[in-house]
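Summary of structural features
The lines below spell out each chain.
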Amino acid sequence: MTKSAAPSTEYPGLFSPHQEPLPGALDGELLYSWCARFHRLSGNSKASTTSQMLFGHATTGLRHDFPGQLGYFGAATGGHLGTLQEIVQARTQFALHALFLDESTRRATESVFQGNDRSQLSRTLGLSRSGQVSLTPLKACPACIGEDRGTVLTGWWRMDHQWPSMYACLKHRCLLNVMANQGRAHWLQEWYLPVELREDQWAEHTEMGQSQVERLIHIARWTEALLHQRDIYFDATLLRHVYLYQAKARGWMTWDGALRFATLRAAFADSHRGLEALPGWEFIKEVGSVNGGFLGLLLRKHPGRRHPLKHVLLMAFLYEEPLDFYAQYENSKLILETEGPAALDRRLTDMQSRLIEMVESEGKSANASCLELGIPTTQGLRLLTRKNVAVHRRPRILTDALKAELEALLRAGTERDEIARRLKLRKAYVKDYLATQPELRNAWEQAAKVQLAARYRAHFLRVLEDNPDVPIKRIRRIGGNGFEWLYRNDREWLAENLPGIWRRPET
Ligand SMILES: [Zn+2]
């Protein structure tokens, strides 16, 4: 119904962009927020008048997650906020969804934003059955609001804080305030701005302990990292494999590929306790049911399209660092492209024939082969005996030379997996050895931390080197930059050894 290039004369009597004061959009500002500030300047008394002016519709502009009629909006404001694609990508919640949409679906969705068909939008985003189409409440950080009082008097809604997976401010490491549920009847009625909200318009704070706040900060960090992966598409089937590989690495899968689902579910429930109280996160409760709620859906054979929040929660649960996840994902993609989909499954299940092949045809030792494949040695040996494969077992007792080598590697802080691989020992053996010697264990932990810090420092310096003259604020947004880790664990080094980075331009 609208033509994006329509001249402003098509909106007679309502408004002309040349006469109305159009505020500049702030960097990272939600579209709804800009409209709310425009509403104040326009002097309109009714919210619907402003929505009508900007969107040609009395309420669609008041939807803060996904407003419709953006073609109309673009024409009515003379492209003041950029193209439709730019607005959708930078000022609505679309960017998080886009990571999980293939190219053609992405384009189809962008065209849906031209109109105002909510059910078509939900269908295109694949959310019709997820029960999560409802609006995520508006959120704001109390400390950020305080800072805004000096500049933008009304405050503004930051895009960063509106994602459904965001309940913490990364700048201030605190919980976000959530706008109180106004009830369905009050939706789409007003242009709210954070500074102007009355006390009773904010929801009461959900009781959160320190570990819950830390978990929310972790999830927020993940959200931020993922959003910097522009132009990437995470395929649900590939993701499922990546999740399962990591579940296996975390010990939640038997060596022949059966998921220890009850244990995994319990671990998830444990680390997310209490978070089901957050608006939009109620579905977490279902993890306790037999089918495992969203975990069951994401890990089953045909995962289908799910709400991005669910993926973010699972990723952040399985992995500590986004960098590790990207590496696994790229690796799995490579396997898919070079060896085909069956190879992905084989990596999870078909370990028996691979073990026999390694020992029988490639002449590797049973211990080393089991280690490489992540098979418990006793089970591997049992299988090889049953299949009449000749096995040379290495002696269990360490020679003095091997012992000296083991201690040296431990004191250097070498990772246990790496030691096991190099010395052809079982991982559990190295672990047990450490457990019996507290002094050695301390030394190893210290050295390992130093090594890890060295890796993060080197990586971060490389990012700085690759991005000369880029302000530190933008450097921090580069996915997997290592800054957050250093900031948490190695702040002195950042401050002392890199005074130069603080002198980069602020914006
Ligand atoms: Zn803040």
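What you are looking at is a predicted structure, and each value in this text was computed from that prediction instead of being measured. (Residues numbered from 1 in each chain as written. Predicted model: local features only at pLDDT ≥ 70, side-chain atom pairs only at ≥ 80, totals over all residues. Heavy atoms only, no water.)

Next up on the list: the overall build of the protein chain. When helices and strands are counted, the protein chain shows 26 helices and four strands. Of all 507 residues assigned to the protein chain, the portion counted as buried reaches 49%. Here the analysis covers contacts within the protein chain between residues at least 6 apart in sequence; of these, 66% occur between residues at least 24 apart. In the structure as shown, the protein chain presents an accessible area of about 25,100 Å², 50% of it carried by carbon and sulfur atoms. (Helix = DSSP H or I, 4+ residues; strand = E, 2+ residues; numbered from the N terminus. Buried < 20%, exposed > 50% of the residue type's maximum accessible area, 1.4 Å probe, protein only. Contact = heavy atoms within 4.5 Å. Areas by Shrake-Rupley, 256 points an atom, 1.4 Å probe, with all protein chains shown as cover.)

Moving on: empty space enclosed by the protein. Empty space among the atoms can be located by rolling a probe the size of a water molecule over them. According to the stated counting rule, one finds three cavities of 30 Å³ or more in the structure shown. Around the largest cavity, the lining comprises 19 residues; the ones closest to its centre are Arg221, Gly480, Asn481, Gly482 and Glu484. Contributions of two or more residues to the lining of the largest cavity are made by α9 (210-227), α14 (322-339) and α24 (483-489). Of the residues belonging to the lining of the largest cavity, the class tally is seven nonpolar, five polar and seven charged. When its volume is computed, the second largest cavity comes out at roughly 70 Å³. What lines the second largest cavity is Thr60, Arg63, Phe66, Pro67, Gly68, Val112, Phe113, Gly115, Asn116, Asp117, Arg118 and Leu121. When the residues that make up the lining of the second largest cavity are grouped by side-chain class, the tally is five nonpolar, four polar and three charged. (1 Å grid on protein atoms, 1.4 Å probe; cavity = no way out; pocket = protein on both sides within 12 Å on 5 of 7 lines; lining within 4 Å. Points joined across faces, edges and corners; volume = space filled by probe spheres on them. Nonpolar A, V, L, I, M, F, W, Y, C, P; charged D, E, K, R; others polar.)

With that out of the way, let us pick up the layout of surface pockets. In this structure, the second largest pocket spans a volume of roughly 1,500 Å³. A breakdown of the residues in the lining of the second largest pocket according to their chemical character gives 17 nonpolar, six polar and 16 charged. Counting only domains with at least three residues in the lining of the second largest pocket, you end up with domain 1 (1-233) and domain 4 (448-502). (Domains from an automatic or database assignment.)

Let's shift gears to the coordination of the zinc ion. Taken together, Cys141 (SG), Cys144 (SG), Cys169 (SG) and His172 (ND1) make up the protein donors of the zinc ion, found 2.1 to 2.3 Å from the metal. Coordination at the zinc ion is tetrahedral, judged from the four donor atoms that bind it and the angles of 106 to 112 degrees they form at the metal. Here the donor residues for the zinc ion map to a single chain with the spacing C-x2-C-x24-C-x2-H. On the criterion of sequence distance, the pair formed by Cys144 in helix α8 (residues 142-148) and His172 in the loop between β2 (168-169) and β3 (174-175) is long-range, its members being 28 residues apart. Classification of Cys144 by relative accessible area gives buried; the value is 4%. You can call His172 partly exposed: its relative accessible area is 25%. (Donors = N, O, S within 2.8 Å, 3.2 Å for Na, K, Ca; no water. Tetrahedral: all angles 85-135°; square planar, octahedral: opposite > 155°, others 65-115°.)

This part is about the environment of Lys46. Relative to the helices and strands, Lys46 resides in the loop between α1 (31-42) and α2 (47-55). Spatially, the C-alpha atom of Lys46 lies 8.9 Å from that of Gln189, the residues being 143 residues apart in sequence.

Quick look at the confidence of the model for the protein chain now. On average, the protein chain scores 84 in pLDDT, and the residues at 70 or more come to 90%. Mean pLDDT values over the elements of the protein chain span from 59, in helix α26 (residues 499-502), up to 97, in β2. Predicted confidence is poor over residues 1-13, with pLDDT under 50, and the contacts of this stretch with residues over four places away or in other chains come to 14 contacts. (pLDDT = per-residue confidence, 0-100.)

With that settled, the discussion passes to the side chain of Gln246. Secondary-structure assignment places Gln246 in helix α10 (residues 236-249). A distance of 3.2 Å separates a polar atom in the side chain of Gln246 from the backbone oxygen of Leu318. A distance of 3.3 Å separates the side chain of Gln246 from the side chain of Gln328, its partner in a polar contact. Among all residues touching Gln246, those that are not within four sequence positions of it are Leu318, Tyr319 and Gln328. (Polar contact = N/O pair within 3.5 Å; in protein donor to acceptor, adjacent residues only side chain to side chain.)

Those residues of helix α11 (residues 261-271) not exposed but buried are Phe261, Leu264, Arg265 and Phe268. Seen end-on, α11 carries its buried residues on one side only, within an arc spanning 100 degrees. Facing away from the buried side of α11 by more than 90 degrees, the exposed set consists of Ala262 and Asp270. (Arc of directions from axis to C-beta.)

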